[in-house]
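So you can see what is in the structure, the chains are spelled out below.
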Amino acid sequence: LPSPEQGSSNKHPYGISPNNITPNNRNVEGIKDSGKNQASINLSNYNISVEDGDSIVLTDKSNSKNVSKVRLSGLDTPEIKHDKDSSGGKDSYAKEQLYGEQSKAKLEELIKKQGNLSLVINKGDMSYGRYVGVLAGDNNTNLNLEMLKQGAAMAFPWDSNDLMKKSTVLAAER
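Residues numbered from 1 in each chain as written. Predicted model: local features only at pLDDT ≥ 70, side-chain atom pairs only at ≥ 80, totals over all residues. Heavy atoms only, no water.

Draft legend 1. Broad picture of the confidence of the model for the protein. Residues at a pLDDT of 70 or more form 74% of the protein, whose mean pLDDT is 80. Across the protein, the secondary-structure element scoring lowest on mean pLDDT is strand E1 (residues 21-23), at 64, and the one scoring highest is helix H2 (residues 143-149), at 97. This stretch, residues 1-11, has a pLDDT under 50; its non-local contacts, to residues over four places away or in other chains, come to 17 contacts. Every residue in residues 87-91 is under pLDDT 50, and counting partners more than four places away or in other chains gives five contacts. (pLDDT = per-residue confidence, 0-100. Helix = DSSP H or I, 4+ residues; strand = E, 2+ residues; numbered from the N terminus. Contact = heavy atoms within 4.5 Å.)

Draft legend 2. Highlighting the pattern of salt bridges. Throughout the structure, instances matching the rule amount to seven salt bridges. Residues joined by salt bridges that share partners form a network here, namely Glu-29, Glu-146 and Lys-149. (Salt bridge = Lys/Arg side-chain N within 4 Å of Asp/Glu carboxyl O.)

Draft legend 3. Focus on the pairing of strand E7 (residues 118-127). For E7, the buried fraction is high: seven of the ten residues fall into the buried class. Pairing analysis gives five bridges linking strand E2 (residues 38-42) to E7, with the strands arranged antiparallel. Paired with Gln-38 across the strands is Asn-122, a residue of E7. As paired strands, E7 and strand E8 (residues 130-136) are joined by six bridges and run antiparallel to one another. Directly across from Ile-121, in E8, lies its bridge partner Gly-133. Where E7 folds back on E8, the antiparallel hairpin that results is connected by two residues, among which Tyr-128 adopts a positive phi of roughly 55°. (Buried < 20%, exposed > 50% of the residue type's maximum accessible area, 1.4 Å probe, protein only. Pairing = 2+ DSSP bridges.)

Draft legend 4. Up close: the side chain of Asn-122. Considering the arrangement of structural elements, one finds Asn-122 in strand E7. Leave out the neighbours within four places in its chain, and Asn-122 touches Asn-37, Gln-38, Val-132, Asn-161 and Leu-163.

Draft legend 5. Spotlight on the environment of Val-67. Within the element layout of this structure, Val-67 appears in strand E5 (residues 67-72). By relative accessible area, which is 37% here, Val-67 ends up partly exposed. In this structure, the C-alpha to C-alpha distance between Val-67 and Tyr-46, residues 21 residues apart in sequence, is 9.1 Å.

What follows is the structure, encoded as structure tokens:
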């Protein structure tokens, strides 16, 4: 997965090493079978920080400079205050939206409860320089859907390339 600019480098342009990406063989609720572009990343090699209820940041435990941002597929949550946008440019969310911190806390809680956490991505789908993915927890629980089922997010189906089935996303919303 190296970009053309990286030549034979061992690093994907958005920070996840190809050594950590394997074909998706997890049967996770609500995920479309999208073939060869779908991959699974074992998150045991990463520190996970929750940016807000629909975005996480992965930091490689063996190389803290290796950071990847992920937008969770199929959902949208209120924004929390950020001093800078994701590109490091202008101020973006100077004012917090209602329930943003509660949504963030719910995602942190769901992640913390998992013993076996992975991220399913479509390797070709990016949003503003971030992977778009589905968090899969114990027993292949789809944490994106859990956020919707628990009322901590709104359904936000993407286009036809989305990992999540539109009907499942809409049905999960409380």
